[in-house]
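Now for the letters of each chain:
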Amino acid sequence: MLYITLFFSAFVSATLLPSSSEVVLVTMISQAKANVWLLWLAATLGNVLGSCANYWLGTHVLRFKHKKWFPVSEQGIVKAQSQFKKYGVYSLLFAWLPVVGDPLTVIGGIFKVRFSLFLLLVSIGKGVRYLAVIALASGAQAVM
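Residues numbered from 1 in each chain as written. Predicted model: local features only at pLDDT ≥ 70, side-chain atom pairs only at ≥ 80, totals over all residues. Heavy atoms only, no water.

Caption draft 1: Structural context of the pattern of salt bridges. Counted according to the given criterion, the structure contains two salt bridges. For the salt bridge of E22 with R129, the shortest nitrogen-to-oxygen distance reads 2.8 Å. Remark: R129 occurs in helix α6 (residues 115-143) and E22 occurs in helix α2 (residues 21-31); sequence separation between them is 107 residues. (Salt bridge = Lys/Arg side-chain N within 4 Å of Asp/Glu carboxyl O. Helix = DSSP H or I, 4+ residues; strand = E, 2+ residues; numbered from the N terminus.)

Caption draft 2: Focus on the environment of G58. Considering the arrangement of structural elements, one finds G58 in helix α3 (residues 36-61). When its relative accessible area of 2% is taken as the criterion, G58 is described as buried. Residues G58 and F111 lie 53 residues apart in sequence; the distance between their C-alpha atoms is 7.9 Å. With sequence-adjacent residues up to four places away left out, G58 is seen in contact with V106, G109 and I110. (Buried < 20%, exposed > 50% of the residue type's maximum accessible area, 1.4 Å probe, protein only. Contact = heavy atoms within 4.5 Å.)

Structural data, given as C-alpha coordinates:
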(Lines give C-alpha, C1' and ligand atoms only; values in the text may rest on other atoms or scores of the structure.)
Protein backbone atom coordinates (compact mmCIF):
# COMPACT_ATOMS: atom_id res chain seq x y z
CA MET A 1 0.00 0.00 0.00
CA LEU A 2 2.94 2.29 0.76
CA TYR A 3 4.28 2.11 -2.78
CA ILE A 4 0.85 2.55 -4.36
CA THR A 5 0.26 5.69 -2.27
CA LEU A 6 3.58 7.12 -3.42
CA PHE A 7 2.87 6.13 -7.04
CA PHE A 8 -0.44 8.03 -7.05
CA SER A 9 1.04 11.01 -5.24
CA ALA A 10 3.81 11.19 -7.85
CA PHE A 11 1.30 10.76 -10.69
CA VAL A 12 -0.85 13.66 -9.47
CA SER A 13 2.27 15.77 -8.85
CA ALA A 14 3.22 15.43 -12.51
CA THR A 15 -0.12 16.69 -13.75
CA LEU A 16 -1.26 20.28 -13.70
CA LEU A 17 -2.90 19.64 -10.30
CA PRO A 18 -1.01 20.93 -7.26
CA SER A 19 0.72 18.26 -5.17
CA SER A 20 4.13 17.43 -3.77
CA SER A 21 5.29 13.84 -4.00
CA GLU A 22 8.71 14.76 -2.59
CA VAL A 23 7.13 15.41 0.81
CA VAL A 24 5.41 12.02 0.67
CA LEU A 25 8.65 10.31 -0.38
CA VAL A 26 10.74 11.95 2.35
CA THR A 27 8.10 11.09 4.96
CA MET A 28 8.08 7.47 3.83
CA ILE A 29 11.86 7.28 3.99
CA SER A 30 11.97 8.74 7.50
CA GLN A 31 9.04 6.79 8.98
CA ALA A 32 8.89 3.45 7.21
CA LYS A 33 11.03 0.42 6.83
CA ALA A 34 10.49 0.48 3.08
CA ASN A 35 12.83 -0.55 0.30
CA VAL A 36 14.33 2.73 -0.93
CA TRP A 37 14.74 1.42 -4.48
CA LEU A 38 11.07 0.41 -4.65
CA LEU A 39 10.15 3.87 -3.35
CA TRP A 40 12.33 5.39 -6.11
CA LEU A 41 10.70 3.15 -8.71
CA ALA A 42 7.14 3.93 -7.56
CA ALA A 43 7.80 7.68 -7.45
CA THR A 44 9.59 7.79 -10.79
CA LEU A 45 7.09 5.58 -12.58
CA GLY A 46 4.10 7.50 -11.21
CA ASN A 47 5.64 10.86 -12.06
CA VAL A 48 6.63 9.81 -15.59
CA LEU A 49 3.16 8.37 -16.26
CA GLY A 50 1.62 11.63 -15.03
CA SER A 51 3.81 13.47 -17.53
CA CYS A 52 2.64 11.06 -20.23
CA ALA A 53 -0.95 12.03 -19.38
CA ASN A 54 0.08 15.68 -19.86
CA TYR A 55 1.70 14.78 -23.19
CA TRP A 56 -1.51 13.07 -24.32
CA LEU A 57 -3.55 16.11 -23.31
CA GLY A 58 -1.13 18.27 -25.27
CA THR A 59 -1.68 16.22 -28.41
CA HIS A 60 -5.41 17.00 -28.25
CA VAL A 61 -5.68 20.42 -26.64
CA LEU A 62 -5.20 22.61 -29.72
CA ARG A 63 -8.44 21.48 -31.28
CA PHE A 64 -10.13 23.64 -28.65
CA LYS A 65 -8.00 26.76 -29.19
CA HIS A 66 -10.81 28.65 -30.94
CA LYS A 67 -13.22 28.23 -28.02
CA LYS A 68 -13.86 31.26 -25.81
CA TRP A 69 -13.02 29.32 -22.65
CA PHE A 70 -9.62 28.15 -23.95
CA PRO A 71 -7.08 29.42 -21.37
CA VAL A 72 -4.21 30.25 -23.75
CA SER A 73 -4.29 32.87 -26.50
CA GLU A 74 -2.96 32.30 -30.01
CA GLN A 75 -0.08 34.61 -29.06
CA GLY A 76 0.63 32.47 -26.01
CA ILE A 77 0.82 29.35 -28.16
CA VAL A 78 3.19 31.05 -30.60
CA LYS A 79 5.35 32.27 -27.70
CA ALA A 80 5.48 28.77 -26.16
CA GLN A 81 6.43 27.30 -29.53
CA SER A 82 9.17 29.87 -29.93
CA GLN A 83 10.55 29.17 -26.46
CA PHE A 84 10.38 25.41 -27.03
CA LYS A 85 12.25 25.74 -30.32
CA LYS A 86 14.80 28.06 -28.70
CA TYR A 87 15.67 25.66 -25.88
CA GLY A 88 14.99 22.48 -27.82
CA VAL A 89 13.50 19.12 -27.06
CA TYR A 90 16.21 18.51 -24.47
CA SER A 91 14.50 21.03 -22.23
CA LEU A 92 12.25 18.07 -21.36
CA LEU A 93 15.10 16.90 -19.10
CA PHE A 94 13.87 19.71 -16.82
CA ALA A 95 10.26 18.52 -16.69
CA TRP A 96 10.84 17.88 -12.97
CA LEU A 97 11.14 21.60 -12.19
CA PRO A 98 8.36 23.21 -10.16
CA VAL A 99 5.94 25.51 -11.99
CA VAL A 100 7.42 25.14 -15.51
CA GLY A 101 7.92 21.37 -15.67
CA ASP A 102 4.31 20.22 -15.93
CA PRO A 103 3.34 22.70 -18.67
CA LEU A 104 6.55 21.72 -20.48
CA THR A 105 5.27 18.14 -20.82
CA VAL A 106 1.97 19.44 -22.23
CA ILE A 107 3.95 21.52 -24.72
CA GLY A 108 5.88 18.40 -25.70
CA GLY A 109 2.55 16.86 -26.70
CA ILE A 110 1.32 20.00 -28.45
CA PHE A 111 4.44 20.12 -30.62
CA LYS A 112 4.37 16.37 -31.24
CA VAL A 113 7.79 15.48 -29.84
CA ARG A 114 8.50 11.88 -30.80
CA PHE A 115 7.04 9.94 -27.86
CA SER A 116 10.02 7.63 -27.38
CA LEU A 117 12.33 10.65 -27.07
CA PHE A 118 9.84 12.39 -24.76
CA LEU A 119 9.67 9.30 -22.55
CA LEU A 120 13.45 8.93 -22.40
CA LEU A 121 14.17 12.58 -21.54
CA VAL A 122 11.39 12.92 -18.99
CA SER A 123 12.32 9.59 -17.35
CA ILE A 124 15.97 10.59 -17.00
CA GLY A 125 15.15 13.98 -15.50
CA LYS A 126 12.53 12.71 -13.08
CA GLY A 127 14.52 9.61 -12.10
CA VAL A 128 17.60 11.68 -11.27
CA ARG A 129 15.47 14.17 -9.31
CA TYR A 130 14.02 11.39 -7.12
CA LEU A 131 17.50 9.93 -6.60
CA ALA A 132 18.61 13.35 -5.35
CA VAL A 133 15.60 13.61 -3.02
CA ILE A 134 16.32 10.13 -1.64
CA ALA A 135 20.01 10.93 -1.19
CA LEU A 136 19.21 14.15 0.64
CA ALA A 137 16.54 12.51 2.80
CA SER A 138 18.78 9.55 3.61
CA GLY A 139 21.68 11.87 4.44
CA ALA A 140 19.50 14.00 6.70
CA GLN A 141 18.15 10.88 8.39
CA ALA A 142 21.68 9.57 9.00
CA VAL A 143 22.66 12.87 10.62
CA MET A 144 19.64 12.84 12.97
